[in-house]
Amino acid sequence: MKIMVAIKRVVDYAVKIRVKPDKTGVETNNVKMSMNPFCEIALEEALRIREAGLASEVVAVSMGPAQCVDTLRTGLAMGADRGIHVESTTGLNPLNVAKIFTRLVELEKPGLIFLGKQAIDDDCNQTGQMVAGLLRWPQATFASKVVLDKEKQVATVEREVDGGLETLSLDLPAVITTDLRLNQPRYATLPNIMKAKSKVIKKYTPQELNVDIRSDFEVVQVTEPAKRKAGVIVSSVDELIDKLKNEAHAI
Amino acid sequence: MPSAATPAPCYFLQFSFYSSPLGLPFFFTATTIATSGRGGLVAAFTGRWELLDASCIARNCGRAVSSPPSLLPFVSAPRALHASTDTTIMRFLFNIRNLHSPTAQCTSKCEEDEKKRFCWLRFDKRFFGSAAAVIERNASFSTLNSDDVSYFKDLLGEKSVVEDEDVLLTANTDWMRKYKGSSKLLLQPKSTHEVSQILKYCNSRCLPVVPQGGNTGLVGGSVPVFDEVIINIGSMNNIISLDKVSGILVCEAGCILENLISFLDNHGFVMPLDLGAKGSCQIGGNVSTNAGGLRLVRYGSLHGSVLGLEAVLANGDVLDMLGTLRKDNTGYDLKQLFIGSEGSLGIVTKVSILTPPKLSSVNLAFLACKDYFSCQKLLVEAKRRLGDILSAFEFLDNQSMDLVLNHLEGVRNPLPSSMHNFYVLIETTGSDESYDKEKLEAFLLRAMEGGLISDGVLSQDINQASSFWRIREGLPEALMKAGPVYKYDLSIPVEKMYDLVEEMRIRLGQTAKVVAYGHLGDSNLHLNISAPQYDDKILAQIEPYVYEWTSKHRGSISAEHGLGLMKANHISYSKSPETVRLMGSIKKLLDPNGILNPYKVLPQSLKSCH
Ligand SMILES: Cc1cc2nc3c(=O)[nH]c(=O)nc-3n(C[C@H](O)[C@H](O)[C@H](O)COP(=O)(O)OP(=O)(O)OC[C@H]3O[C@@H](n4cnc5c(N)ncnc54)[C@H](O)[C@@H]3O)c2cc1C
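Bear in mind the structure is a predicted one, so any value in this text is a computation, not a measurement.

A.B. asks: What is the right way to read the overall build of chain A from this model?
C.D. replies: When helices and strands are counted, chain A shows six helices and twelve strands. Based on the C-alpha atoms only, the size of chain A along its principal axes is roughly 70 × 45 × 40 Å. The 251 residues of chain A split such that 45% are buried. Counting only contacts in chain A whose residues sit at least 6 apart along the sequence, the fraction spanning at least 24 positions is 70%. Averaged over its 34 positive side-chain charges, chain A has a centre that lies 4 Å from the centre of its 33 negative ones.

A.B. asks: Help me out: how do you make sense of the UniProt feature "domain: Electron transfer flavoprotein alpha/beta-subunit N-terminal" (unreviewed entry) in chain A in this one?
C.D. replies: Per the UniProt record, "domain: Electron transfer flavoprotein alpha/beta-subunit N-terminal" (unreviewed entry) is found at residues 23-213 of chain A. Measuring from the first to the last C-alpha atom of residues 23-213 of chain A gives 23 Å, for a span that is 30% helix and 31% strand.

A.B. asks: Before we go on, may I ask you to explain the packing of aromatic side chains in this structure?
C.D. replies: Each aromatic ring pair is characterised by the separation of its centres together with the angle its planes make. Enumeration over the complete set of coordinates arrives at 17 aromatic pairs over all chains. Arranged with centres 5.3 Å apart and planes meeting at 75°, the rings of F226 of chain B and Y599 of chain B form a pair that is edge-to-face. Pair noted here: F226 of chain B is in the loop between β7 (209-212) and β8 (229-232) and Y599 of chain B is in the segment after α21 (577-590), with a separation of 373 residues, a long-range link. Residue F226 of chain B is classed as buried on the basis of its relative accessible area of 17%. By relative accessible area, which is 4% here, Y599 of chain B ends up buried. For the pair Y488 of chain B and Y547 of chain B, a centre-to-centre distance of 5.7 Å together with 70° between the ring planes defines the contact as edge-to-face. Here Y547 of chain B lies in helix α20 (residues 545-552) and Y488 of chain B lies in strand β18 (residues 485-491), a separation of 59 residues in the sequence. Among the aromatic residues, those joined into a ring-pair cluster are Y187 of chain A together with F366, Y423 and F468 of chain B. Its guanidinium or amino end placed over the ring of Y187 of chain A, R412 of chain B lies 4.3 Å from that ring's centre, counting from NZ or CZ. If you follow R507 of chain B out to its NZ or CZ, it ends over the ring of Y545 of chain B, 3.9 Å from the centre.

A.B. asks: How should I be thinking about the domain arrangement of chain B in this particular structure?
C.D. replies: Many authors give the size of an interface as the accessible area that is lost as the parts come together. All names here are of chain B. Segmentation of chain B into domains returns domain 1 (3-126), domain 2 (132-232), domain 3 (239-354), domain 4 (361-475), domain 5 (483-573) and domain 6 (577-609). Summarising the inter-unit geometry, the C-alpha centres of domain 2 and domain 3 are found 23 Å apart. Domain 2 puts 15 residues into the contact, and the matching count from domain 3 is 17 residues. Note on domain 2 versus domain 3: buried area summed over both sides is about 1,200 Å², and carbon and sulfur give 65% of it. The interface formed by domain 2 and domain 3 holds zero salt bridges in total.

A.B. asks: Which parts of the structure should I look at to understand the site of the ligand?
C.D. replies: Residue and element names in this part refer to chain B. Around the ligand lies a shell of 34 residues, among which P211, G213, G214, T216 and G217 are the nearest. Contact between the ligand and G292: an oxygen atom at 2.8 Å from a main-chain N or O atom of the residue. Here an oxygen atom of the ligand and a backbone polar atom of E342 are 3.1 Å apart. Within the complex, the protein chains bury 97% of what would otherwise be the 970 Å² of accessible surface of the ligand. Among the secondary structure elements, those contributing two or more residues to the shell around the ligand are β7, α9 (283-289) and β13 (347-354). The greatest single-element share of the shell around the ligand, amounting to five residues, is contributed by α9. Of the residues belonging to the shell around the ligand, the class tally is eleven nonpolar, 21 polar and two charged.

A.B. asks: Sorry if this is basic, but what is going on with the pairing of strand β1 (residues 2-6) of chain A here?
C.D. replies: The side chains of a regular strand alternate between both faces of the sheet. Residues and elements named next belong to chain A. The buried fraction of β1 is high, at five of five residues. Across five bridges, β1 lies against strand β4 (residues 57-64) in parallel orientation. Looking at β4, one finds that V5 is bridged to A60. Here three bridges tie β1 to strand β6 (residues 112-116), and the two strands are oriented parallel to one another. Paired with M4 across the two strands is I113, which belongs to β6.

A.B. asks: I would appreciate a short explanation of the sheet that holds strand β8 (residues 154-161) of chain A in the present structure.
C.D. replies: Think of a sheet as strands paired side by side through backbone hydrogen bonds, with each pair either parallel or antiparallel. Residues and elements named next belong to chain A. Pairing in this open sheet of nine strands is mixed, and the strands run β9-β8-β7-β10-β6-β1-β4-β5-β12 from one edge to the other. Sheet topology places β9 (164-171) and β12 (201-204) at the edges, where each strand pairs with a single neighbour. Across this sheet, the average inter-strand angle for adjacent strands is 30°, counted without regard to direction. Most of the contacts of helix α1 (residues 37-51) go to β6, to which it runs at about 150°, and overall it touches β1, β4, β6, β7 (139-149) and β10 (174-178). Across the sheet, helix α2 (residues 68-78) touches β4, β5 (82-87) and β12, and the angle it forms with β5 is around 165°.

A.B. asks: Sorry, what's going on with the sheet that holds strand β12 (residues 318-321) of chain B here?
C.D. replies: Residues and elements named next belong to chain B. Ordered in space as β9-β10-β13-β11-β12, the five strands form an open sheet in which the pairing is antiparallel. Bordering the open sheet on either side are β9 (239-243) and β12, each of which pairs with just one other strand. Taking each pair of neighbouring strands and ignoring which way they run, the sheet shows an average axis angle of 10°. Examined bridge by bridge, strand β10 (residues 248-252) and β13 share five bridges and lie antiparallel to one another. Residue pairing across strands places E252 opposite K350, the latter belonging to β13.

A.B. asks: Before we go on, may I ask you to explain the pattern of salt bridges in this structure?
C.D. replies: Any two side chains of opposite charge can pair, on the condition that their charged atoms come close. Taken as a whole, this structure holds 40 salt bridges over all chains when the rule is applied. Between R159 of chain A and E166 of chain A there is a salt bridge, with the nearest N and O atoms lying 2.7 Å from each other. Taking relative accessible area as the criterion, E166 of chain A reaches 31% and is therefore assigned partly exposed. Of the charged contacts in the structure, one is a salt bridge between E381 of chain B and R385 of chain B, with a shortest N-O distance of 3.0 Å. Of this pair, E381 of chain B and R385 of chain B both sit in helix α13 (residues 372-386), four residues apart, which is roughly one turn of the helix.

A.B. asks: Help me understand the packing of helix α16 (residues 462-473) of chain B against helix α17 (residues 475-482) of chain B in this model?
C.D. replies: Packed helices, taken two at a time, are described by the angle between their axes plus the distance between the axes. Residues and elements named next belong to chain B. Across the interface, α16 lies against α17 with an axial gap of 5 Å and an inter-helix angle of 50°. Regarding the angle of α16 to α17, the classification is oblique. Residues R470, I471, R472 and E473 of α16 form the contact with α17, whose participating residues are L475, P476 and E477. By residue class, the composition of the contact of α16 with α17 is three nonpolar, no polar and four charged.

Analysis parameters
Residues numbered from 1 in each chain as written. Chains lettered and ligands numbered in written order. Predicted model: local features only at pLDDT ≥ 70, side-chain atom pairs only at ≥ 80, totals over all residues. Heavy atoms only, no water. Helix = DSSP H or I, 4+ residues; strand = E, 2+ residues; numbered from the N terminus. Buried < 20%, exposed > 50% of the residue type's maximum accessible area, 1.4 Å probe, protein only. Contact = heavy atoms within 4.5 Å. Lys, Arg positive; Asp, Glu negative; His and termini not counted. Charge placed at Lys NZ, Arg CZ, Asp CG, Glu CD. UniProt positions renumbered as here; feature names shortened; annotations may be inferred. Phe/Tyr/Trp six-rings, centres within 6.5 Å; stacked < 30°, edge-to-face > 60°. Lys NZ or Arg CZ within 6 Å of the ring centre and 35° of its normal. Domains from an automatic or database assignment. Buried area = accessible area lost by both parts, 1.4 Å probe. Salt bridge = Lys/Arg side-chain N within 4 Å of Asp/Glu carboxyl O. Near = heavy atom within 4 Å. Polar contact = N/O pair within 3.5 Å; in protein donor to acceptor, adjacent residues only side chain to side chain. Areas by Shrake-Rupley, 256 points an atom, 1.4 Å probe, with all protein chains shown as cover. Nonpolar A, V, L, I, M, F, W, Y, C, P; charged D, E, K, R; others polar. Pairing = 2+ DSSP bridges. Axes fitted to C-alpha atoms, helices over the stretch in contact; angles between N-to-C directions. Parallel < 35°, antiparallel > 145°, perpendicular 65-115°, else oblique.

Structure, rendered in C-alpha cells:
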C-alpha cells in the first residue's frame, strides 16, 4: 500500500506574524518558513505505518512556490520515499489544493491519505475534508490515534472530541487528518539528510494536472488583532472593586 | 485519585530547605506546581511555612496536592522557621506521601503513578557555602538605622524602599542558593539622579552597598555578605534610543536582556550577547560581569560591543561616558574599567551598545562525537569552513546530557539511538537561507565521512532549534535541581581543557559527579561538580587543585562569570602581584571607603575602610 501525505510550507510556528502595511496579507519576505506542524505529524504517522510493515511507500506532496522543494527535502530527510511538487506562483485556496490533490490521487492510487488537520497560517481546516468529499472516501479528522488492520483493510481512528474520545472505523482507502497529540515527529538526522539528496521530487503544474485554479472568494483585508492595553496596578481591594464596577463594568 | 481511564493529572512538589553553618535559622520553601494531564502548566505556588508542627503542614500540603490542578487554595504563613533536623523534614514528606497512598479501589496503574509521585517529592538540601564564615564584617562600616531608612524614603518614595522580609529573603539569596546575606534594606532607584543621591549618602555614612541586577550571577557577587544595602537597578528599564542606521542601542542598565532581544528583533537587530539567564539578567549586570555567553565566538566580548556607559561612583559623581561612537581615541578608555568590575567601582546606570543586524537564516546542528579530540578537530574545521556564518560552537559531555534528561521536564534526547561521549552544537547565522544550509550540510557530511561526527541532527524549524538549545542552556538549571554544585568557569587552551575534567573524575571517584560543558569556541570550560551535599572534604579535593591546574596551564580561573565572593581571594592564580596591586589602587581611588560591593572581586588583604 502506498500512503500520500500533504505537507505545507508555512511561516514558522515560532515566528511573530506581521501584517503587510497594505493589509493584503501576512509578511513572508525574509521570514523563516517551515513545515506546518500538523503536516509533520501526518508525515510521521505515515512513516511509522511504513516502518511497521503496513505500507510500502510514503509519497510527500507539497504545493506552492519553488521553495516548497525545501519543505519536501525536509520530508524526504524525515524518511518519505519520494516527493511531488505542484508549482504555483499564485496563491492556492483549500479547494484548489483539494482538487489538485484529488488529481494526484488518481495518478498515484494510494491506499491511505494523511493531511494535517489545518495549516497554521490560514487555519482553514478544510482541505482534508474537501479531498475526502471529492474522492468520496471515508474520512476521520483530528486523529489522535491510528491503528491499521491490513487484512481487513480497515483503519481505526481515535479523535479527541469535547469531553472524551470518539473511535471511528473506516474502510480503506480513506483520508485521515492529524491532531497534535497523535505522535512526536522525528528529527532529520544527518545520514537521512544525505540519503534525501538522491530521492526524486517530481514536478507538476496545476495546468498539467488540468486543474483550473481560480478563487470564488476574495480576501478583502488582513488586520492585526487589537493591541492589548497595558494593565494597571491597583493599590487596594476597594480600588479593584471600584474599577471592576465603574470602569470595566464587569461586576 | 484519578481513574486510570482519564489522562492522570500529575502533581509536582519540590521542596528545598536551607540552613547555614553560622547557626542562622532554617528556611523551608516549597514550590507546588500542578500540571494538567496534558503537561501544560496550570498553576504554580511558592510559599514558606513555619515548621513547628509537621503534621499540620502535611495537612495543608495534602489539601493543596489533592485539590483540582487549576486551584491551589492554601495560604502559608511566610515566616522563617526553626526546624531542627532532617528527620522532621523526612517525616513531613512521608506524611504527604501517606496522604496519597493508593486507596483500595486504585488499580496497579495508580500505584505506578503513586511511585512516580513519590519521586517527585524530592527535596534539596542547601547548605550555604562557608565563605561568610571566614570573612569578618568590616568594622569601620556603619550599621543601618531608622534615620537612614527615613532618608531613603524621603528620597525615593515609600514604594522604592523595601523592608519586606519575603522580598529581602529573595534578594539576599543568590541564584544557586549557595550564598546568603542578611541585608535589611533593598532600594529600587528609578533614575541616575536617585542612584547618585543614594551613593552619596551611603558614602558619607560609610554604609556598604551591593549593586544588584537580575541576581543570576554565579559567583556570589550579587548578594550581600553581611548587611549591605541592596541597590537593585531593575526599575531603570527604559530603552532610550535605537539608531536604525548604525544599530546603536542606548538603554538604562535595568533592562532585562530578553526584553532587549525582542525589542531589537522587532527592528531587525540582535543583541551581541545571549545566555541562558536572559529572562532575568539585566544589561547592567551583563556589562558589570562582562558576560560572555553563547554568541561570543561570533560577536566578540562586551569590551568591544559596548560603546559607552554612564556610571555612578561611590561618592555620587555621575560619569557620563555614554558615547555612541565606534571610534574614539581621546585619552584613557575609562568605560572599560566598569565592564567586568562586578559593581566594585561604580554602579552602571546606562549603556550604549552596538547591535548587529538580524540575519534571517539561522541553522542549528546537534551532533555527537566519539571523543574529545574529535570535538576539537571539528572546531578547527568549523572555524575554517564555516568562518563567515559560524555563530555558536558549544559542547557538553555525556554526563551533562544525562543530567539534563533526568532533571528537566520535557527535554528529549535528539540522538536517542545510542549514548555518545560528547555532544556539540553548531549554529550558523547568515543572510542566505539556501546557501547557508547547503554550506552547513556539506560541512557536516564531510565531517561525518571523516569520522569527526558519529551522528547528528539538523533542526528543520525554530521549535526544533529551541529544543536543542534547551539542552545546552538548561544545564545550570539541571545542576541546581540535582543538588549542591561546585561551579568552575575556566579559560583553558582547548587541547588541554578536557584533561582537567578527567583528572577531576579520578580525584573524586564516587564522591561526586563531574559534569563538563561550555563554550568550546572560546576555550571556556564550565566544570561542575555535583555533590550530595556541600562538604569541606569534597571541597578540599577540588580546591585549590583546580585553580593550581588552571594557573599551571596559563588559563584563567574566571572566564566569564567573574570573581565575586567565591574567587576574590584567588585572583593571584590568574593575575600577577603587580597587576593586583594596581587594581587595588584603582579601587581605592574610585571608592576610598570601600562601600561598593565589599569583600568581592579583590582579595581581602587589599581592602580597608579607614
Ligand atoms: C542559567 C544561567 C546561565 C548563565 N550563562 C552565562 C553565560 O553563558 N555566560 C556568562 O558570562 N554568564 C552566564 N551566567 C552568569 C552571568 O554572569 C549572569 O547571568 C549575568 O551576566 C548577570 O546579570 P545580572 O543582571 O543577573 O547581574 P547580578 O547577578 O545581579 O549581578 C552580577 C554582578 O554584577 C553587579 N551588578 C549588577 N548590576 C549592576 C549595575 N547596574 N552596576 C554595577 N554592578 C552591577 C553585581 O553587584 C554583581 O557583582 C549565567 C547564569 C545563569 C543563572
